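One-letter residues, chain by chain:
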Amino acid sequence: MNRRLFLYAGAAVAAAAAGGYAYRSRQSSSTSSAPSDVPGASTADPVAALRTLSLPDLNGKPHRIDQWQGRPAVVNFWATWCAPCVKEMPELQSLQEKYPQIQFVGIGVDKVANMRQFLQKVPVSYPLLVMEAGAIDTLRTLGNPAGGLPFTLVFNADGSINRKILGQIQFDDLDRTLSTLTT
């Protein structure tokens, strides 16, 4: 069963990478990779564009990542249809409980209805925001060339990126990183 899942995941990543390559090769001279609805967003700093991007929570209330600046943060891009994402959610919840001084935020690359239904099975106590259109392009500008999920960013308290994790987190590894942010 795990072997089959691994093969499907590998095929999905390969397809995403091929699609990304084809998409980029078809791009004309357009160089804008920052979300167009972010005032002052610059392609030179995609992290700043993410921090100021307004995303709705599951109730439609808008939030910006920079509202949590001043404290370390873990921002996890995920989807309900992504098996590794689903598997890591309880681990992220556990780490959030262990490190309450670190802000955890989940950004769902999914539909609100799917995310609400998922939370009935796998509840999390940290904020979940919704990013449907443009999510894959945003992931690419943040250093995830294939636009694959899950994708986790660990921010220092000053808003700079401490780590980028492509693929499922390893609990012990992320735990060690987070322990250094709280000392």
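Bear in mind that the values here come from a model prediction, so they are computed numbers and not experimental data.

Draft legend 1. Structural detail: the sheet that holds strand S4 (residues 103-108). Pairing is mixed across the open sheet formed by 5 strands, whose spatial order is S5-S4-S3-S6-S7. This sheet does not close on itself; its edge strands, each paired only once, are strand S5 (128-130) and strand S7 (161-166). Here the average twist between neighbouring strands, direction ignored, is 20°. Taken together, the 3 bridges between S4 and S5 define a ladder with parallel strand orientation. Paired with isoleucine 107 across the two strands is leucine 129, which belongs to S5.

Draft legend 2. Quick peek at the packing of helix H3 (residues 83-98) against helix H6 (residues 171-181). At a minimum axis separation of 11 Å, H3 and H6 run at an interaxial angle of 25°. Here H3 is positioned roughly parallel relative to H6, judged by the angle of their axes. Helix-helix and strand crossings are classified by hand; for H3 and H6 the assignment is right-handed. Contacts between H3 and H6 pair Glu91, Leu92, Ser94, Leu95 and Lys98 from the former with Phe171, Leu174, Asp175 and Leu178 from the latter. Its residues placed into classes, the contact of H3 with H6 shows 5 nonpolar, 1 polar and 3 charged.

Draft legend 3. Region of interest: the packing of aromatic side chains. Counted according to the given criterion, the structure contains 3 aromatic pairs. Here the aromatic rings of tryptophan 78 and phenylalanine 118 are separated by 5.1 Å at their centres, their planes lie at 45°, and the arrangement is tilted. Here phenylalanine 118 lies in helix H4 (residues 112-121) and tryptophan 78 lies in strand S3 (residues 73-78), a separation of 40 residues in the sequence. Across this residue pair, the class does not change: tryptophan 78 and phenylalanine 118 are buried.

Draft legend 4. Focus on the side chain of glutamine 93. Within the element layout of this structure, glutamine 93 appears in helix H3. Residue glutamine 93 is classed as buried on the basis of its relative accessible area of 11%. The residues contacting glutamine 93, other than those within four sequence positions of it, are Pro123, Val124, Ser125 and Tyr126.

Draft legend 5. Representation of H6 within the structure. Listed in full, the buried residues belonging to H6 are Leu174, Asp175, Thr177, Leu178 and Leu181. All buried residues of H6 lie within an arc of 165° about the axis, which places them on one face of the element. Exposed and oriented more than 90 degrees from the buried face of H6 are Asp172, Arg176 and Thr180. Buried-residue contacts for H6 involve S3, H3, S4, strand S6 (151-155) and S7.

Draft legend 6. Structural detail: the state of the cysteines. Under the definition given, this model contains 1 disulfide. The partner cysteine of cysteine 82 in its disulfide is cysteine 85, sulfur to sulfur 2.3 Å. The disulfide joining cysteine 82 to cysteine 85 has a torsion of about 75° about its S-S bond and is therefore right-handed. Judged on exposure class, the residue cysteine 82 and its partner cysteine 85 are both buried.

Draft legend 7. The nonpolar core, seen in detail. Within the largest apolar cluster, 46 residues are counted, with the highest numbers of intra-cluster contacts made by Phe77, Ile107 and Leu178. Top contributing element to this core by residue count: S3, with 5 residues. For isoleucine 107, the residues in contact, after removing those within four places along its chain, are Leu50, Leu55, Ile65, Val75, Asn76, Phe77, Trp78, Leu129 and Met131.

Conventions adopted
Residues numbered from 1 in each chain as written. Predicted model: local features only at pLDDT ≥ 70, side-chain atom pairs only at ≥ 80, totals over all residues. Heavy atoms only, no water. Pairing = 2+ DSSP bridges. Helix = DSSP H or I, 4+ residues; strand = E, 2+ residues; numbered from the N terminus. Axes fitted to C-alpha atoms, helices over the stretch in contact; angles between N-to-C directions. Parallel < 35°, antiparallel > 145°, perpendicular 65-115°, else oblique. Left-handed = near helix turned anticlockwise from the far one by under 90°. Contact = heavy atoms within 4.5 Å. Nonpolar A, V, L, I, M, F, W, Y, C, P; charged D, E, K, R; others polar. Phe/Tyr/Trp six-rings, centres within 6.5 Å; stacked < 30°, edge-to-face > 60°. Buried < 20%, exposed > 50% of the residue type's maximum accessible area, 1.4 Å probe, protein only. Arc of directions from axis to C-beta. Disulfide = S-S within 2.5 Å. Core = buried A, V, L, I, M, F, W, Y, C linked by side-chain atoms within 4.5 Å.

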